[in-house]
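Residue-level listing of the chains:
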Amino acid sequence: MNRRNVILTLAGVAVVAAIIAEIVDSSRPTAVLILLGLGIAITEGIELRPSGRARIPTSHAVVLVLLRAATITEFIVVVTAAQLVTMFLRQPSTPWVVRVRVFVQRIASAMAALVVYRTITDVLAGRDPRWVALLALGAAAIAQLAVDEISRTIRQRDFRLALRERGAELALITSGMLMAIGYRGIDGKGGMGLWGPLLFSVPLLAAWYSFEQLRNTRLTYDQTIRALSVVPELGGCVNDGHAERVTALVMDMADELDLTRYEVEQLEMAALLHHIGQVTLDDPEHLGRDLQLHEIASASAGLLRATEYLAPAGDIVAAVPQPHRGGDATPKTALASQILRIASDFDDLARGDRRRMANAVETLYSGPGYLYDPRVLAALEAVLRRRGALLRARVS
Amino acid sequence: MASRDSSKAITRYCVVSASAALVLAAALAFRGPLPALIPLVTLGGLFVFAENISVELPSGASISASFVMIMASVVVFRTSDSRLGPVAVGMLGGLYLPHLRALEWRKVAMNVGGFGLATFVTSSFYWALPRSVLNDIPLLVASSIGAAVVFFATNVFFVGVYYSLVTHHRVRDVLRDLAPGHFQVYPFALLGVFLGRLYLTIGPTIVPLFVVPILIARQTFASYLELKASQEAMVRTLIKALEAKDPYTSGHAERVAVYAQYMGEEMSFGPRRMERLRLAALMHDIGKLVVPNHILNKPGRLTEEEFARVRQHEHVSVEVLRRIDFLAPVAPSASGDFSHYQPDAKKTPIEPYIVHTADAYDAMTSTRSYRKALTQDVAFEELRKNAGKQFHPETVTALTHAIEKRDEHHGAGYERDVHDWVVAPPEAGVGSAGLGDFAPEEPKQRKRTAP
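Residues numbered from 1 in each chain as written. Chains lettered and ligands numbered in written order. Predicted model: local features only at pLDDT ≥ 70, side-chain atom pairs only at ≥ 80, totals over all residues. Heavy atoms only, no water.

Student: Could you clarify how one ought to interpret the overall build of chain B in this entry?
Tutor: The secondary structure content of chain B amounts to 18 helices and two strands. Expressed as a percentage of its 451 residues, the buried residues of chain B come to 53%. Intrachain contacts of chain B at a sequence separation of at least 6 include 71% that bridge at least 24 residues. As displayed, chain B offers around 20,300 Å² of accessible surface, 60% of which is attributable to carbon and sulfur atoms. (Helix = DSSP H or I, 4+ residues; strand = E, 2+ residues; numbered from the N terminus. Buried < 20%, exposed > 50% of the residue type's maximum accessible area, 1.4 Å probe, protein only. Contact = heavy atoms within 4.5 Å. Areas by Shrake-Rupley, 256 points an atom, 1.4 Å probe, with all protein chains shown as cover.)

Here you go:
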């Protein structure tokens, strides 16, 4: 039986078990607990995947509903059972170490939510039940995400905490709260049973769908740009691997020079496509070096500027032939274009050969003072030294 | 004169609709209790907000969660018996910023009337049900679906009459075009009714919990559409660059993409598969960017070396498509060798054959530097003659059927994107997609095949 059929069979068994439990003893919420457990297992596979960020399972929202539907013991049993089932049903390619780690992480986040929720509801008992419920649910949702974040931080040894662009987390917190309130209402009023979480999961599913579409399109878009970046190489216009090497270098140099995330993104596009215009020129080899540089930059910039999203990258490419002093580009564009020019010129000299790199750096340093920005040259040197490509200090 | 009459009729219709809604609102204000201010401001404000942040899809349709607020207001104002409440919320539908900015008062009036009256009819339907419906969940679900049908039918009628006056189409035809949009109202109706029910328990605090994920979804979806449009623009820019190198193939990629889509439709491709086919067809010649201009535009025969440079473009195109996961399965579309029909290759996807057939058909029905366009009949005959040999038979049937069904004509006498020739191409010539025997063969020189 394949994985899909196993999941469908288990879902069927859970639904039948819920029906039997309801028939046997409708005074106990066993059927609801079984269905919520099934909900946790299913939504483990529905993850919000914001760009450049860790995945967030939508099961966290169902856990909030379970907090309001179960006693402490029932909560622990349902979460553990659902996560055990999920651990066995993950993609066959997922290593067991990862499965166990995720299982432990999920149990930990659910327990954190339980402790936070119970503590707040106990401490604030007797206050306005609306605010107590909202506060406890919100804090429980944040507790789950905090456990995920701590786990990621320890795993990746990346202790930076970014608070911006947390739309996916916000969607999960608010939807989870809405689903949980929809289930039981407030103070016994307004509850809709399982209809509540089922219906109020729609905004969360809409967010999930949008994130999926955006992710897939971004993936295709990035791959399209990378694929097009090799066209000049396949046509024999530039050295093999030039675009890829220059891009890797400018990314490191941008990091060295503290460019913002947006500037780095645009610089990456510019680096990948800075030679694309060359294929539209007929026989640019007959032009002199400077004229060739201008023609290629102008043709590439023209193509990039025709697309709104790539227009800033086009501006960077257009400014590449300009010397670092006396150009008409804005300071930010001038810096980005200097990074690109120095990385590209360096790669033309070194061609990816580590033995040539020290000489290539020396050649760039010995160029006319107006041509290359000393700050950017220093950044190049620092990056190469960090990579181990430059073993000794530069002789000045 | 006729257009002035038509314009007057549109104005009259919009004014009557808006006046009817205003008179109704005034009557409700006199006869019943006035709506509570907080829900009116909250739900009305959100309705206007939702209307103004609707997302326009590439198909031209738009998605908006505004109907959720209409249904929520119907439920919320039921408890206070204020019939004016939902009608007032509905009439705020006229506050659509693009219409206000462009001073399109007729559209503003039409929306005030259309939304106001449709909301009144919907609330009347809901009011007719017993109050206990709020506590009976299955009945609440059923009633919200009924209310959605009532709202949609009323609103579409008002909009349909307006568009019928604007476009001079029959109302029935306009309604038939608008009808498929009803699917999105059912989940929105359910959400609205349940949101209204929760609002009655918790108050306006519940609103942000509902609105925030919708806003995030909306913003993310808009980013997705923007990125998708950007990708499309980038591909088209490169195709334009290619056509600037080789003006003889102006419009070729676009036409091949259209023919490929015709075949995809005939073969009932799903949206994702269709998108993959369209992009592959659009990019099938992208590798020509690396072929020097003077070779692409050479009117006569190509030397062995030049021919090798031209053939290099297929390798580059395949390599580009192969590097994009979404297009990798159809990468052979860009290779003349791989897309040449092979009856034994059962597991090969049909897309490369589709692009090959579309490519050959367009090559035959377009004037190139080496020969003038053939007629559609000759092109069809050639495709049919080589079906099962050079071309996949299903693709030939699909293409000829799709073009005949549309009553389209291509080829000699029907060409668009016609180029101004420096040297007029010959009537017939080498590389006419299988018609190469029109010209005498020279020893040790290979024929140039249609791209």
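Student: Would you mind going over empty space enclosed by the protein with me for this structure?
Tutor: Here the idea is plain: a probe the size of a water molecule rolls over the atoms and shows the empty space left. Residues and elements named next belong to chain B. According to the stated counting rule, one finds three cavities of 30 Å³ or more in the structure shown. Volume-wise, the largest cavity comes out at about 70 Å³. Broken down by element, the lining of the largest cavity gets its largest block of residues, three residues, from helix α10 (residues 206-245). Tallied by class, the residues present in the lining of the largest cavity amount to eight nonpolar, two polar and no charged. Looking at the second largest cavity, its volume works out to about 40 Å³. Lining the second largest cavity are I239, L242, E243, T249, H252, A253, D285 and K288. Looking at the lining of the second largest cavity, the elements with two or more residues in it are α10 and α11 (252-266). Ranked by residue count, the leading element in the lining of the second largest cavity is α10, at three residues. Within the lining of the second largest cavity, the residues separate by chemical class into three nonpolar, two polar and three charged. (1 Å grid on protein atoms, 1.4 Å probe; cavity = no way out; pocket = protein on both sides within 12 Å on 5 of 7 lines; lining within 4 Å. Points joined across faces, edges and corners; volume = space filled by probe spheres on them. Nonpolar A, V, L, I, M, F, W, Y, C, P; charged D, E, K, R; others polar.)

Student: How should I be thinking about the packing of aromatic side chains in this particular structure?
Tutor: Any two aromatic rings considered together are summarised by their centre-to-centre distance and by the angle between their planes. Residues and elements named next belong to chain B. The final tally for this structure, using the stated rule, is twelve aromatic pairs over all chains. When the centroid spacing of 5.2 Å and the interplanar angle of 55° are considered together, the rings of F221 and Y224 count as tilted. Placement of both F221 and Y224 in helix α10 is noted, with a separation of three residues, approximately one turn of the helix. Like F221, the residue Y224 is buried in the burial classification. (Phe/Tyr/Trp six-rings, centres within 6.5 Å; stacked < 30°, edge-to-face > 60°.)

Student: Could you clarify how one ought to interpret the pattern of salt bridges in this entry?
Tutor: When charged atoms on two side chains of opposite charge get close, those side chains can pair. Counted by the stated rule, this structure contains 38 salt bridges over all chains. With a shortest N-O distance of 2.6 Å, D347 of chain A and R245 of chain A are connected by a salt bridge. Here D347 of chain A is found in helix α15 (residues 331-350), whereas its partner R245 of chain A is found in helix α11 (residues 242-256), with 102 residues between them in sequence. Under the relative-accessibility criterion, R245 of chain A is labelled partly exposed at 27%. Notably, a salt bridge pairs E351 of chain B with R273 of chain B, separated by 2.7 Å at the nearest N-O pair. Taken together, the residues E351 of chain B in helix α16 (residues 351-364) and R273 of chain B in helix α12 (residues 271-282) connect sequence positions 78 residues apart. A single salt-bridge network, built from bridges that share partners, covers K228, E232, R236, E254, E275 and R278 of chain B. (Salt bridge = Lys/Arg side-chain N within 4 Å of Asp/Glu carboxyl O.)

Student: What am I meant to see in the nonpolar core here?
Tutor: One broad trend across soluble globular proteins is that nonpolar side chains are buried collectively. Judged by nonpolar contacts, the single largest core of 105 residues is most densely connected at L340 and F346 of chain A. With ten residues, α10 of chain B is the single largest residue contributor to this core. Of the residues that make up this core, three or more belong to each of domain 1 (2-225) and domain 2 (246-439) of chain B. Residues within four places of F346 of chain A in sequence aside, it is in contact with L249, R351, M357, A360, V361, L364, L380 and L384 of chain A. Ranked by size, the runner-up nonpolar core spans 98 residues in total, among them L33, I40 and F75 of chain A together with F77 of chain B. (Core = buried A, V, L, I, M, F, W, Y, C linked by side-chain atoms within 4.5 Å. Domains from an automatic or database assignment.)

Student: Looking at this model, I keep getting lost on the confidence of the model for chain B. Mind explaining?
Tutor: Detailed reading of the predicted coordinates is not advisable wherever pLDDT falls low. Residues and elements named next belong to chain B. On average, residues of chain B score 82 in pLDDT, and 86% of them reach the 70 mark or higher. Here residues 430-451 is a poorly scored stretch, pLDDT under 50, and it has 51 contacts once near neighbours within four places are set aside; other chains count. Interface predicted TM-score (ipTM) for the complex: 0.81; the corresponding pTM is 0.78. (pLDDT = per-residue confidence, 0-100.)

Student: Looking at this structure, how should I read a nonpolar patch on the surface?
Tutor: Residue and element names in this part refer to chain A. On the surface, L84, F88, W96, V100 and V104 cluster together to form a nonpolar patch covering roughly 480 Å² of accessible area. Of all the secondary-structure elements, those providing two or more residues to the nonpolar patch are α4 (72-89) and α5 (96-123). In terms of residues, the nonpolar patch owes the most to one element, α5, which gives three residues. Within the secondary structure layout, W96 lies in helix α5. (Patch = residues over 30% accessible without salt bridge, like charges linked within 9 Å, V, L, I, M, F, W, Y side chains within 5 Å.)

Student: Please clarify how the side chain of R49 of chain A should be interpreted in this entry.
Tutor: All names here are of chain A. As for its placement among the helices and strands, R49 is situated in the loop between β1 (47-48) and β2 (56-57). A relative accessible area of 18% means that R49 is categorised as buried. In this structure the side chain of R49 is engaged in a polar contact, spanning 2.8 Å, whose partner is the side chain of E212. Setting aside residues no more than four positions away along its own chain, R49 makes contact with R55, F211, E212 and R215. (Polar contact = N/O pair within 3.5 Å; in protein donor to acceptor, adjacent residues only side chain to side chain.)

Student: How do you make sense of the interface of chain B and chain A when you look at a structure like this?
Tutor: Accessible area lost upon the coming together of the parts serves often as the stated size of an interface. Taken together, the contact pairs 50 residues of chain B with 51 residues of chain A. Taken together, the two surfaces of chain B and chain A that pack against each other cover about 4,800 Å², and 78% of this comes from carbon and sulfur. Area buried by chain B at its contact with chain A is led by L209, L227 and M234 of chain B, which between them contribute 14% of it. Across the contact surface, chain B and chain A share zero salt bridges. Counting across the chain B and chain A interface gives eight residue pairs in polar contact (both at pLDDT 80 or more). For the side of chain B that touches chain A, the leading source of residues is α10 of chain B, giving 22 residues. (Buried area = accessible area lost by both parts, 1.4 Å probe.)

Student: Could you clarify how one ought to interpret the side chain of T217 of chain A in this entry?
Tutor: Along the chain, T217 of chain A turns up in helix α9 (residues 202-229). Ignoring any residue separated from it by four or fewer positions in sequence, one finds T217 of chain A in contact with Y224, L227, K228 and Q231 of chain B.

Student: Could you clarify how one ought to interpret unusual backbone geometry in this entry?
Tutor: Apart from glycine, the bulk of residues carry a negative phi angle, and the bulk of peptide bonds sit in the trans form. Residues and elements named next belong to chain B. Within the chain, L103 stands out as a residue other than glycine whose phi angle is a positive 55°. Inspection of the secondary structure puts L103 in the loop between α5 (97-101) and α6 (105-127). Its relative accessible area of 54% is what places L103 among the exposed residues. Although it is not a glycine, S268 sits at a positive phi angle of roughly 55°. Mapped onto the elements of the fold, S268 is located in the loop between α11 and α12.

Student: Please explain helix α16 (residues 354-365) of chain A as it appears in this structure.
Tutor: Helical geometry: 3.6 residues make up each α-helical turn, so side chains three or four residues apart lie on a common side. Residue and element names in this part refer to chain A. Along its twelve residues, α16 runs 18 Å from first to last C-alpha, staying within 8% of the 16 Å computed at 1.5 Å per residue. Every buried residue of α16 is accounted for by M357, A360, V361 and L364. The arc that holds every buried residue of α16, seen down its axis, measures 100°, which confines them to one face. Exposed side chains of α16 directed beyond 90 degrees from the buried face belong to R355 and N359. Next to the buried residues of α16 lie α15 and α17 (374-387). The backbone nitrogen of R355 has a side-chain oxygen 2.9 Å away, supplied by the residue at the start of α16, namely D353. (Expected span 1.5 Å × (residues − 1). Arc of directions from axis to C-beta.)

Student: How should the packing of helix α2 (residues 30-43) of chain A against α4 of chain A be read in this particular structure?
Tutor: The packing of two helices is summarised by the inter-axis angle and the distance between the axes. Residues and elements named next belong to chain A. Here α2 crosses α4 at 40°, and the two axes come no closer than 9 Å. If you check the angle between α2 and α4, you find them oblique. The chirality of how α2 crosses α4 is right-handed. Residues L33, G37, I40 and A41 of α2 lie in contact with α4, whose contacting residues are E74, V78, V79, A82, Q83 and T86. Of the residues in the contact of α2 with α4, the class split is six nonpolar, three polar and one charged. (Axes fitted to C-alpha atoms, helices over the stretch in contact; angles between N-to-C directions. Parallel < 35°, antiparallel > 145°, perpendicular 65-115°, else oblique. Left-handed = near helix turned anticlockwise from the far one by under 90°.)

Student: Would you take a moment to explain the packing of helix α2 (residues 37-52) of chain B against helix α4 (residues 84-91) of chain B for this structure?
Tutor: All names here are of chain B. Viewed as axis vectors pointing N to C, α2 and α4 meet at an angle of 30°, and their least axial separation amounts to 8 Å. Viewed along their axes, α2 and α4 adopt a mutual orientation that is roughly parallel. In this structure, the crossing between α2 and α4 has a hand that is right-handed. Packed against α2, whose contacting residues are L40, L43, G44 and F47, the element α4 presents G85, A88, V89 and G90 at the interface. Taken together, the residues of the contact of α2 with α4 sort by class into five nonpolar, three polar and no charged.

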